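A structural walkthrough
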Amino acid sequence: MANALLSIQIIPRTPGGEDVIPYVDRAIDIIKASGLPYRVSPLETTIEGEMDVLLMLVKDMNEAMGEMGCPSVISQVKLYYNPKDGASMGRLLEKYPDGQ
């Protein structure tokens, strides 16, 4: 069972003021490639996994922004860590399965 949930919002400063959507899409591709459960929301994406793996994903996403030419990036991160009982999006969303 996963011990953490991490929500992240990537805010890259794009070269020449380009639209951020292709950059955010790249960050989500990195999350998809991890094979971890995740949920994309309008303002952030939440991922379920082991804390050290989740933090490495944050690093990978930030490095990808640099590789795409972004001079800087802000990553707003929320981390829920529960090593004893585990962390589950499903458990936290039981009352709101449709997000409402």
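Relevant structure appears above.
So, here's what we can say about the structure.

In this model, helix 2 (residues 51–67) (17 residues) spans 24 Å end to end at C-alpha, consistent with the 24 Å of a helix rising 1.5 Å per residue. Along helix 2, the residues classified as buried are Leu54, Leu57, Val58, Met61, Ala64 and Met65. Down the axis of helix 2, the buried side of the element spans an arc of 130°, and every buried residue falls inside it. Within helix 2, the exposed residues directed more than 90 degrees away from the buried face are Asp52 and Glu67. Of the surrounding elements, those touching the buried residues of helix 2 are strand 1 (4–13), helix 1 (21–34), strand 3 (45–49) and strand 4 (72–81).

With that settled, the discussion passes to the layout of surface pockets. Quantified by volume, the largest pocket comes out at close to 170 Å³. As for the largest pocket, its lining consists of 14 residues, and the residues nearest its centre are Ile10, Val24, Leu43, Glu44 and Thr45. Counting only elements with at least two residues in the lining of the largest pocket, the list comes to strand 1 and helix 1. Residue contributions to the lining of the largest pocket peak at four residues, all from helix 1. Counted by class, the lining of the largest pocket contains 10 nonpolar, three polar and one charged residues.

Let's shift gears to the pairing of strand 3. Across the five residues that make up strand 3, a large majority, five, are buried. Every second residue of strand 3 is oriented toward a common face, with Thr45, Ile47 and Gly49 on one face and Thr46 and Glu48 on the other, all of them buried. In the sheet, strand 1 pairs with strand 3 via five bridges, with the strands oriented antiparallel. The residue of strand 3 that forms the bridge with Ala4 is Gly49. Direction of pairing for strand 2 (residues 38–40) relative to strand 3: antiparallel, over a ladder of three bridges. In the strand pairing of strand 3, Val40 is matched with Thr45. From the end of strand 2 to the start of strand 3, which pair antiparallel, there are four residues.

What counts, and at which threshold
- The written sequence of each chain sets the order in which its residues are numbered from 1.
- Where local features are concerned, this predicted model is filtered to residues with pLDDT of at least 70; where side-chain atom pairs are given and counted, the filter is 80 or more; whole-chain, interface and lining totals use all residues.
- Note that the side-chain values use all heavy atoms of the structure and ignore hydrogens as well as water.
- Labels follow the DSSP assignment, with helices taken as runs of H or I lasting at least four residues and strands as runs of E lasting at least two, numbered in each case from the N terminus.
- Expected span, for any helix, means 1.5 Å times one less than how many residues it has.
- Think of it in three bands: with a 1.4 Å probe and only protein chains considered, a residue is buried below 20% of the maximum accessible area for its type, exposed above 50%, and partly exposed in between.
- Each C-beta atom gives one direction from the helix axis, and the arc is the one those directions make.
- Contacts are assigned to residue pairs with any non-hydrogen atoms lying within 4.5 Å of each other.
- Residues are called lining when one of their atoms sits within 4 Å of a cavity or pocket point, these points coming from a 1 Å grid over the protein atoms alone, where a cavity is a set in which a 1.4 Å probe fits but cannot get out and a pocket is an open set with protein on both sides within 12 Å along at least five of seven lines.
- Grid points are joined across faces, edges and corners, and a volume is the space filled by probe spheres set on the points.
- Only Asp, Glu, Lys and Arg are considered charged, only Ala, Val, Leu, Ile, Met, Phe, Trp, Tyr, Cys and Pro nonpolar, and every remaining residue, Gly among them, polar.
- Should DSSP find at least two bridges between two strands, the strands are regarded as paired.

Taken by themselves, the reported measurements are silent on function.
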